Amino acid sequence: MADPKGFLTTPRENAPSRPVFLRLQDWREVYDEFGNERVAKQAGRCMDCGIPFCHQGCPLGNLVPEWNTLVWRDDWRAAAERLHATNNFPEFTGTLCPAPCEAACVLGINQDPVSIKRVEISIVDRAWDEGWITPVRPVARTGKTVAVIGSGPAGLAAAQQLTRAGHDVEVLERADAIGGLLRYGIPEFKMEKSRLDRRLEQMRAEGTVFRTNVNAGVDVTAAELRSSYDAVVLAGGATAWRDLPIPGRGLTGVYQAMEYLPLANKVAAGLLDRSPIDAAGKHVVVIGGGDTGADCVGTAHRQGAASVTQLEIMPKPPSSRPESTPWPTYPMLYRVSSAHEEGGERVYSVSTTEFVGEGHVRALRLTDVRAEGGRFVPVPGTEREIPADLVTLAMGFVGPEKSALLGDLGVDLDDRGNVARGADFQTSVPGVFTAGDMGRGQSLIVWAIAEGRAAAAGVDAYLTGRRVLPRPIAPTDRPLV
């Protein structure tokens with residue numbers, strides 16, 4: 001354990017945010033430096049809890065108590081090694097994961113949990129600064145070839161594991177840059193793309209080959225994939241977005257979040273001077289109360305929106321852990337993200353019934369709703385309109401796109417429309433595997449990385465008959481509920 005009295009003497013702290021008026025002028029990450037001494041004190045709050053439930057909260061099985069202890073003892077290099085023992089990309093989870101490990105922290109039963117994410121990102125940032133993170137090249141080549149379709153966190157994790165195991169791995173990405181949602185879905189203010197780029201350079205040095213602007217199933221047919229590679233990993237994500245087919249849906253100014261956010265990311269990266277979908281001076285409405293919706297809120301603020309309103313059909317969550325999600329499950333709580341700190345209004349228990357306008361949207365027609373019999377019914381007398389010049393739909397995703405690739409490969413789908421797979425992450429087609437949201441459905445980044453690592457173990461066993469790669473989860477594993 002770390003400091004024997006740390007959890008008694010040290011209150012929980014997290015990194016402070018940069019002032020709102022400053023951070024709205026750029027796309028940089030919102031958090032200021034925390035300092036290694038303060039991080040060590042936070043790590044020292046990790047108690048000798050006997051059974052570290054943070055391991056159960058995290059699908060990667062991150063060795064949280066071990067690297068907390070090492071940080072408290074000022075052995076940062078060893079902490080970085082223990083961190084990377086279970087996680088290929090701790091800078092991704094350290095910035096983007098909602099931290100189910102913290103929700104499962106034993107200290108969190110009656111106190112504030114350990115600041116696990118802050119310790120995690122501090123370790124990996126220092127490891128990069130000190131030059132401790134270097135390419136891990138395979139000691140021998142197997143002569144086997146693998147195609148990984150999709151370069152999000154699941155695809156990248158699978159590719160790195162398989163490359164290090166000695167296989168010749170090519171990652172095929174249909175976009176013009178590698179990273180999937182990490183590149184064009186996650187705004188720069190949540191994770192600067194320099195974090196992604198330096199990890200990709202490490203992977204290139206290890207031997208992974210990246211090919212962009214390749215739409216698998218079209219530019220490279222399913223038959224060509226099967227004949228050119230010994231194994232294929234499908235990691236294209238759950239990119240089929242949920243729509244809102246109500247009157248006025250065809251009006252200009254109503255967009256999916258994943259039509260809006262990538263363009264803003266290209267502006268932040270200097271690839272565009274101005275986004276074709278820009279919130280400057282507009283009344284912006286975001287439909288959907290999750291993380292993607294918050295990303296749209298923060299982006300609209302930085303583009304200079306006149307107002308920002310976020311709508312959610314669910315009721316406002318409680319501010320403290322409800323009985324329905326007891327420890328160590330991940331609780332449904334009212335959370336304020338950095339984007340919400342920056343302004344705007346959040347409206348709960350409301351449904352949009354019509355997009356109003358002539359050619360271009362000018363307003364939304366809303367009604368309050370209440371839960372009744374497992375569905376939401378309108379509350380009479382609550383109909384109203386709110387101004388809207390730009391609307392983004394951030395209502396989640398319903399599974400993988402039913403593309404030519406899946407059809408031509410002939411893989412089976414499960415009853416939710418995801419790619420079905422067996423215990424080793426292999427689909428119904430021998431030699432074709434799947435990892436991440438394409439098989440699991442929309443999930444968290446930490447689950448995507450765990451899926452990529454586990455699927456890589458299945459691929460390696462299929463190609464070589466050995467079982468040497470770690471397999472943190474099974475396809476049927478689910479979060480603590």
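A brief look at the structure comes next. Please read these numbers as outputs of a predicted model, since none were measured by experiment.

1. Quick look at the overall build of the protein chain
Counting secondary structure elements, the protein chain contains 19 helices and 14 strands. Taken against the 2.2 N^0.38 rule, which gives 23 Å for 481 residues, the C-alpha radius of gyration of the protein chain at 23 Å falls within 12% of a compact globule. Taking the principal axes of the C-alpha coordinates as reference, the protein chain spans close to 70 × 60 × 50 Å. Looking at the 481 residues of the protein chain, the share that counts as buried comes to 53%. Of the contacts formed within the protein chain by residues at least 6 apart in sequence, a portion of 68% connects residues at least 24 apart.

2. What about the side chain of Asn62?
Structurally, the position occupied by Asn62 is in the loop between helix H4 (54–57) and helix H5 (64–72). Apart from residues no more than four positions distant in its own chain, Asn62 is found in contact with His55, Trp67, Thr86, Asn87 and Glu120.

3. Description of helix H15 (residues 291–303)
In this model H15 runs 18 Å from its N-terminal to its C-terminal C-alpha over 13 residues, within 8% of the 18 Å that 1.5 Å per residue would give. The element H15 is extensively covered by neighbouring structure, given that 11 of its 13 residues are classed as buried. If you check which residues of H15 are buried, you get Gly293, Ala294, Asp295, Cys296, Val297, Gly298, Thr299, Ala300, His301, Arg302 and Gln303. Those residues of H15 that are buried are in contact with helix H2 (20–23), helix H14 (257–268), strand E6 (283–287), strand E7 (307–311), helix H16 (338–341) and strand E13 (390–393). Downstream of H15 by one or two residues, Gly304 has phi in the positive range, about 85°.

What counts, and at which threshold
- Residues numbered from 1 in each chain as written.
- Predicted model: local features only at pLDDT ≥ 70, side-chain atom pairs only at ≥ 80, totals over all residues.
- Heavy atoms only, no water.
- Helix = DSSP H or I, 4+ residues; strand = E, 2+ residues; numbered from the N terminus.
- Rg over C-alpha atoms; globule rule 2.2 N^0.38 Å.
- Buried < 20%, exposed > 50% of the residue type's maximum accessible area, 1.4 Å probe, protein only.
- Contact = heavy atoms within 4.5 Å.
- Expected span 1.5 Å × (residues − 1).

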